Amino acid sequence: MRENVSNIKNSTRFISTKTILKGIQTAPISFIDAVFQGLAPDGGLYYPHRYIDLSEHIKRFVSDVNMSFVEMASHITRALFPAEFSEEQAATICEKAFQFSPAFHYIDEEISLLELFHGQSCAFKDFGASYLAAVMEERLEEQDTRITILTATSGDTGSAVAQAFHNKKNIEVVLLYPSNKVSPLQEKQLTGMGDNIYALEVEGTFDDCQRLVKEAFQNEVLCKKYGLSSANSINIGRLIPQSFYYIYAWVKLQQHNENDWVFCVPSGNYGNLTAGLLARSWGLPIKHFIAASNENDSVPKYLRTGIYTPHDSFATLANAMDVGNPSNFERLETLFLLESQKQNTKNDTGTASYKTYKNTIHTYMKQCLYGESVSDVDIREEMKRVYHMSHSFVCPHTAVGVCAGRRALNSADFGKKHNYKKTVVLSTAHPAKFFEIIEDACGEKVKLPERLEHFLHKEKTSTKIYPTRESFQESLQDLLG
Ligand SMILES: *Cc1c(COP(=O)(O)O)cnc(C)c1O
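Residues numbered from 1 in each chain as written. Predicted model: local features only at pLDDT ≥ 70, side-chain atom pairs only at ≥ 80, totals over all residues. Heavy atoms only, no water.

Our focus in this paragraph is the sheet that holds strand β4 (residues 111-115). To summarise the sheet geometry, strands pair through backbone hydrogen bonds and adopt either a parallel or an antiparallel arrangement. Judged by pairing direction, the sheet is mixed, and its six strands sit side by side in the order β3-β4-β12-β9-β10-β11 without closing on themselves. Pairing within the sheet leaves two strands with one partner each, and these edge strands are β3 (103-106) and β11 (369-373). Going across the sheet, the axis of each strand differs from the next one's by a mean of 25 degrees, ignoring polarity. Here four bridges tie β3 to β4, and the two strands are oriented antiparallel to one another. Of the residues in β4, the one forming a bridge with H105 is L113. (Pairing = 2+ DSSP bridges. Helix = DSSP H or I, 4+ residues; strand = E, 2+ residues; numbered from the N terminus. Axes fitted to C-alpha atoms, helices over the stretch in contact; angles between N-to-C directions.)

Structure follows, in structure tokens:
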């Protein structure tokens, strides 16, 4: 055994958000168990079991101007999980996962982009998916077991997962996507990989795909037979690595003495924003974030009113953010509940009434997050404006961030009040992924990068199924035996 007692004690473990929010005590589980389980048995999302302090590490990162993203990621991995990974293993996982880095792109005096789309599928989801895949592969190899990853996708998640898990040993991937409801390029990304990646084209909606996956996970016989596991965006193994680029970006800006800026995060399921807040809870000295949504605005509305009203999602130009009931809202609540308890130990929220505790969460969340929602009309305007000003294209999701960021900077009760002069907007996808929308708004051709271009020439290989349990299980049998 490589673990020693102090490593086990220092390793970060995980508890369900539902457990924490109810004030119940349970034994936390290890990172690896949380990764393979995905969702907690009580339906909650996994969250770190204790306060983690990485501020000494962060100071060291600032003093080393040559440190690369991969090196930083390896250090943090080892610091978070000393019982799970040796230094060498942490480095191997990060080198495998991150064959790309975040990059800065200057737009104008107010706006800089943190480009997170230099990975294989051209979206920020590559950071989470590749890290998860590298962690799983490392552990399965050691245990000599096989698993099947089952994922429903409306486009972006599936392509990141397909790329990340392609040719990973001991892992098969089955993707379910709704027929005729993903873009032609996305469909090629899902169906053109081959090898251990299987695509099921479901004659139904994305909701049908999700239902089939959910039913499969509730079926113990299937779970055992295929070793079913999920690579869902709520998996803690996808969330943790997203915190790394916040630390990296902050360190790089700090090295250039930049400090009058604030992160702005285009959000749908709020995983990306949660990852930034986790980094902050680990000691990254950040006061605020701007939470940018499209017209699916349940979180900005909550920040304004204190009332959370999830709704059915509706379609916008920034479709990867079309979420009316973000699953990470529970993690946000947990995070700010714990923050309130840390700051005010006398305020025992465990025994406080439901209403007081909800109010406390809202108060703390509102102090840290500034919400803005952006309409389709404004998304188009912002894409045009950025193009005319800087001759660069931004995807519709990034445009939501740019527009929200500008508004937040110029608002009296946020930007002016806290003296922010600039915002660093997380650029979540390569513009070419959404070339139809951009070409329509800007009247200019968008060039596909080579790693997308080559998918256009790939053969589509998928299996059509009806949106029924029988049809789905038959196809699993055919594909996997
Ligand atoms: C998934 C996605 C988002 C939303 O990220 P969340 O973590 O769900 O908030 C934004 N932009 C793009 C391009 C995405 O693929």
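Next, the rest of the story.
By the definition in use, this model includes 26 aromatic pairs. Summarising the aromatic geometry, the rings of F81 and F85 are spaced 6.3 Å apart at their centres and angled 85 degrees between planes, so their arrangement reads as edge-to-face. Residue classification places F81 among the buried positions, given a relative accessible area of 0%. In textbook terms, an aromatic cluster arises when at least three aromatic residues are bridged by ring pairs, as seen for F69, F98, F100, F127, Y131, F244, Y245, Y246, Y248, W261, F263 and F289. (Phe/Tyr/Trp six-rings, centres within 6.5 Å; stacked < 30°, edge-to-face > 60°. Buried < 20%, exposed > 50% of the residue type's maximum accessible area, 1.4 Å probe, protein only.)

What follows deals with the packing of helix α12 (residues 236-255) against helix α13 (residues 271-281). Contact pair α12 / α13: the axes reach a minimum separation of 8 Å and the direction vectors enclose 65 degrees. Regarding α12 and α13, the two cross each other, and that crossing is right-handed. Contacts between α12 and α13 involve L239, I240, Q242, S243, Y245, Y246 and I247 on the former and, on the latter, G271, N272, L273, T274, A275, G276, L278 and A279. Here the residues of the contact of α12 with α13 sort into nine nonpolar, six polar and no charged. (Left-handed = near helix turned anticlockwise from the far one by under 90°. Contact = heavy atoms within 4.5 Å. Nonpolar A, V, L, I, M, F, W, Y, C, P; charged D, E, K, R; others polar.)

Our focus in this paragraph is unusual backbone geometry. Positive phi, close to 55 degrees, is recorded for D195, a residue that is not glycine. Note that D195 resides in the loop between α9 (184-191) and β7 (197-202).

What follows deals with the sheet that holds strand β6 (residues 171-178). Pairing within the open sheet is parallel, and its five strands lie in the order β8-β5-β6-β7-β13. Since the sheet does not close on itself, it has two edges, and those belong to β8 (228-229) and β13 (463-465), each with one partner. One ladder, built from three bridges, connects β7 with β13; its direction is parallel. Bridging across to β13, L200 finds its partner in T463. In the packing of helix α10 (residues 206-218) onto the sheet, the strands contacted are β5 (147-152), β6, β7, β8 and β13, and the crossing angle to β5 comes to about 150 degrees.

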